[in-house]
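Working through the structure, step by step
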Amino acid sequence: MDVGTAIAGVLTLAVLSFLYRDNPVYKMAESLLIGVSIGYTLVVIWSSTLVDLLFRPLFLDGMLPLIIPLVLGLLMFGRFHRATSSLSRLPIAVMIGSGAGVAIPAMLDARILKQLSATVMPVLTASGIPDLSAIVIIGGVVTTLCYFYFSREHKGALGSAATVGTWFLMVFFGTTFGYTVMSRMSTFIGRMEFLLTEFLHIAN
Amino acid sequence: MNRVVSRHWIFLGLFVLVALTMGSGIRLDTPVSDRTAELYNFIESLPEGSMLLVSFDHEASSLPEIRPIGQALLRHAFRKNHRLIGMALLAEGTAIGYRLMQQAAAEYGKEYGKDYAYLGFKPQYIAAILSMGESIPATFPEDYLGRPYESLEVLDGVATYADVAAVLSIADGSLTTHWMEYGRARYGVRIVSGVTAAMVTTYDPYLASGQMHAMMGGLRGAAEYEDLIACPGGGKRGMLAQTATHLYVIVLIGLGNLSYFLARRKKEKR
């Protein structure tokens, strides 16, 4: 067994020991995970962001416009002192302004307009038979929107539609929860497979 | 105290169940869903030697679920002799993605630089996706190993998304959404994905609205895909355990509800 497998096996068992109760071995594994993750991310970001995108092009290739993001980045550190904290508003404003400018049209298109156009569909198939899935989708969208319409009391037709909307929401929550359980079980199964085969050699 | 004790029994039951099912060596048959078949057919339908951009958009914590998904997709792509470019939009996915590509490439005798390349991590995912739409070599002047982009044969003539048949996002979070919002919407590149089960309901509307070309989800999706490419792996191995644990959860939910209603009835009688 190589060192990497042994370390991974011991740490997996250390993390699983939390299922019994909180203990120092689990805490050690948890701290190690946080430390290694942050360390790894810092190194990757240092090399692929600061070195590749800023220091090398600015200082070696002489790309002077990069002074602007460098200065903006340095202004962010102004937050650490009360006297200079207002300086950090400038890079934050640039980030929010450019971020919103880029994100809003894209999100509006992908998350609302495209989804809306996918909801507008014929309720009859080419042969004239009602398309059940189209009816369910349209019904689900309309009744769920009724549930989220708060400008009128949920009574009468609106109340009935809102009730149907809550059923659709419950089905969605149930499906999502089911998939999440499936995902977490998969993670556990994956670790168990590692423990039983590569670490303990109990199963093939 | 009773609650703590019962919780431990539940965990122990789960542990024993998974150990027994994994140790049994029984492989469960999994009927292939339309969703997974669509993704398989898409990769299968691409002309041999098509360029696929594989983005490892996940963290290390989802590796047990992501690995079978990634392995199945990479094996299929290499078997079809497609050319692959790997990259990562999350720092933690960088090394995992490189390792997965190396392993799959070795199985099919593929050569680094000639059949596939790995560009590594690029921070600020929105900026990275948009920048690649303008120029991939300008976004990644060097590959993961520090070699110049131009020196890699497989990247010859690959300048923008126009030179890529599809982006294959292997994700455990919402990063595939950004591929659709920026890569697809702005540059028209086709997006296909392999995602963890927890993300399936998030991406279903994108699949239904045609913004995502094809998708497979979770360990189950990986098992189905392994069936399609006739190459059993982690997905197939985990299916019996997955089915058993699901039944276990259903039984526990049933027992929990039963005990709740019995307790309520007892209370009402008093």
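Our structure is the block above this text.
Cut-offs used in this document
- Residues numbered from 1 in each chain as written.
- Chains lettered and ligands numbered in written order.
- Predicted model: local features only at pLDDT ≥ 70, side-chain atom pairs only at ≥ 80, totals over all residues.
- Heavy atoms only, no water.
- Axes fitted to C-alpha atoms, helices over the stretch in contact; angles between N-to-C directions.
- Helix = DSSP H or I, 4+ residues; strand = E, 2+ residues; numbered from the N terminus.
- Parallel < 35°, antiparallel > 145°, perpendicular 65-115°, else oblique.
- Left-handed = near helix turned anticlockwise from the far one by under 90°.
- Contact = heavy atoms within 4.5 Å.
- Nonpolar A, V, L, I, M, F, W, Y, C, P; charged D, E, K, R; others polar.
- Patch = residues over 30% accessible without salt bridge, like charges linked within 9 Å, V, L, I, M, F, W, Y side chains within 5 Å.
- Areas by Shrake-Rupley, 256 points an atom, 1.4 Å probe, with all protein chains shown as cover.
- Salt bridge = Lys/Arg side-chain N within 4 Å of Asp/Glu carboxyl O.
- Buried < 20%, exposed > 50% of the residue type's maximum accessible area, 1.4 Å probe, protein only.
- Pairing = 2+ DSSP bridges.
- Right-handed = clockwise from strand over helix to strand, strands pointing away.

1. Concerning the packing of helix 9 (residues 218–228) of chain B against helix 10 (residues 234–269) of chain B
All names here are of chain B. Axis separation between helix 9 and helix 10 bottoms out at 7 Å; the angle between their running directions is 130°. In terms of their interaxial angle, helix 9 and helix 10 are classed as oblique. The handedness of the crossing between helix 9 and helix 10 is left-handed. Along its contact with helix 9, which presents Leu219, Arg220, Ala222, Ala223, Glu226 and Asp227, the element helix 10 presents Gly234, Gly235, Lys236, Gly238, Met239 and Gln242. Class assignment of the residues belonging to the contact of helix 9 with helix 10 gives a composition of 4 nonpolar, 4 polar and 4 charged.

2. Re a nonpolar patch on the surface
Together, Trp9(B), Leu12(B), Phe15(B), Val16(B) and Leu20(B) line one region of the surface with nonpolar side chains, adding up to about 530 Å² of accessible area. Residue Trp9(B) is classed as exposed on the basis of its relative accessible area of 59%.

3. Side note on the pairing of strand 5 (residues 191–195) of chain B
Along a regular strand, successive side chains alternate from one face of the sheet to the other. Residue and element names in this part refer to chain B. Within strand 5, 5 of the 5 residues are buried, which leaves it mostly tucked inside the rest of the structure. Every second residue of strand 5 is oriented toward a common face, with Ile191, Ser193 and Val195 on one face and Val192 and Gly194 on the other, all of them buried. Relative to strand 5, strand 4 (residues 166–171) runs parallel, the two sharing 5 bridges. Bridge pairing in strand 5 links Ile170 to Gly194. Between the parallel pair strand 4 and strand 5, the chain is carried across by helix 7 (residues 175–187), and the sense of this crossover is right-handed. Bridge count between strand 5 and strand 6 (residues 214–217): 4 bridges; the pairing is parallel. Residue pairing in the sheet places Ser193 in a bridge with Met215 of strand 6.

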